Amino acid sequence: MIGSVIKRGTAELAVLSVLQDGPLHGYELARRIEQQTNGALRFTLAALYPMLYRMEQQRWIRGTWETSANGRRRRCYRLTPAGKKKLSPLQREWAELFRALQRLTKAAHA
Amino acid sequence: MPDWQKLVREHLSGLGLDDTDREEVHAELAAHLEESYEALLVEGVPEPEAVRRTLAQVADWKELQLKIHFARIRKDMMTNRVTQLWLPGLLTFALSTGLEALVQKFGPRPIVLDLDKGTPVLMFYTSWLLMLPLAGALGAYLSKRAGGSVRMVLASSIFPVLPFGVVFLIAIPVGLVINHNLAHHIVTAAYLSMSVGWVIAPGAALLAGGLLVQLFLSHRQASRGVASH
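The numbering scheme is per chain: residues are counted from 1 as the chain's sequence reads. Throughout, the order in which chains and ligands are written sets their labels, letters from A for the former and numbers from 1 for the latter. Per-residue local features of the predicted model are confined to residues with pLDDT of at least 70, and side-chain atom pairs are confined, for both listing and counting, to 80 or more; whole-chain, interface and lining totals are unaffected and use all residues.

1. Things to note about helix H2 (residues 19-42) of chain B
Item 1. Going along the chain from the N terminus, every DSSP run of H or I of four or more residues is numbered as a helix, and every run of E of two or more is numbered as a strand. What a helix should span is 1.5 Å times the count of its residues minus one. Along its 24 residues, H2(B) runs 34 Å from first to last C-alpha, staying within 8% of the 34 Å computed at 1.5 Å per residue.
Item 2. A positive backbone phi angle near 95° is found at B:Gly44, which sits one or two residues after H2(B).

In structure tokens form, the structure reads like this:
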């Protein structure tokens, strides 16, 4: 079972990575993550918003209300400079972890 | 189509945030549910099933409420603690220390408490003690102005003696238990007189100032409240 720290880490990485391409509201953000990971990562409302609010408090992302073309008000999240700064080391750490796990798996099969 | 706003509002009515924040959360979550539901309909999912799947995104509303509450108030708690306790407390500490230094340099001679054989253990700067209510009042005022509770206001006013209080309450008794070489009656007398000199007397002086400000500001607030009704 994947521990909560790892889960949280991957979820935060996913959100920051997707927001790198531009601001998105919560539903669209969850949909984009699901699409880009071929359904491997899925966020329900209950998982997504507490995390977004937490990341907002940490000032990695910022949410602002915007009105879309169809007149709907949505809270759009965008990456802050602090979030951009957080993203690079996070990506490096996860890449290192996956490489290490791959090496371990190869060694086990060798 | 279900009224998503109403549904979220009902489930998250106990969200412990201010009205604006709570309304924002309700609106945002309702918009998410609405969009999920509409996307399912577009995919051709029948309406009852779309409703069921949309609602299945939240297994436990109480748990979600709690998670959102803690995620959103974290910063406020930190900010409040800084402005209501640490900042006023540290300013009180700086003022009381500055006053002590001034009194030591320019003030009248202190009252010296000694034990047997005339060993001085404590110097009482009465003029400093008389000035301390001012420092306590300043800490209390700053904390109160930042919206501090009575506990925060009073803690800010006695902040300068808290470190000494901790040392005297914990470190010295523990030291006494560990170290048996010193004569206990001397150490106990020293401990008591130092506690009075470093914690109890200045603490009481600071608290007096803090209490006066707390009472004055609470009274003023109450009068304003009555006047505005």
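Back to the write-up after that little detour.
2. Considering the environment of A:Ser88
Item 1. Looking at where A:Ser88 falls in the secondary structure, it is placed in helix H4 (residues 81-109).
Item 2. With 72 residues separating them in the primary sequence, A:Ser88 and A:Leu16 have C-alpha atoms 9.8 Å apart.

3. Thoughts on the interface of chain A and chain B
Item 1. Remark: residues whose backbone-derived C-beta atoms lie within 7 Å of one another are considered to be in contact. Across the boundary between the two partners, chain A contributes 13 residues, which contact 17 residues of chain B.
Item 2. Counting only elements with at least two residues in the side of chain A that touches chain B, the list comes to helix H2 (26-36), helix H3 (45-57) and strand E3 (73-79) of chain A.
Item 3. In terms of residues, the side of chain A that touches chain B owes the most to one element, H3(A), which gives 7 residues.
Item 4. Per-class residue counts for the side of chain A that touches chain B are 6 nonpolar, 3 polar and 4 charged. Throughout, the ten residues Ala, Val, Leu, Ile, Met, Phe, Trp, Tyr, Cys and Pro are labelled nonpolar, Asp, Glu, Lys and Arg are labelled charged, and all others, Gly among them, are labelled polar.

4. Remarks on the nonpolar core
Item 1. Note on definitions: a nonpolar core is a set of buried residues drawn from Ala, Val, Leu, Ile, Met, Phe, Trp, Tyr and Cys, linked by C-beta atoms within 7 Å. Counting other C-beta atoms within 10 Å of its own, a residue is labelled buried from 20 upward, exposed at 12 or fewer, and partly exposed in the gap between, with every C-beta atom placed from the backbone. By size, the foremost hydrophobic cluster in this structure holds 31 residues, and its most contacted members are A:Val15, A:Leu19, A:Tyr49, A:Leu52 and A:Ile61.
Item 2. At 6 residues, the largest contribution of residues to this core is made by H3(A).
Item 3. Once residues lying within four places of it in the same chain are set aside, the contact partners of A:Ile61 are A:Leu19, A:Leu52, A:Met55, A:Glu56, A:Tyr77, A:Arg78, A:Leu79, A:Thr80 and A:Gly83.
Item 4. Counting residues in hydrophobic clusters, the runner-up holds 22 residues, among them B:Ala140, B:Val153, B:Ala155 and B:Val161.

Honestly, it's all geometry; don't read function into it.
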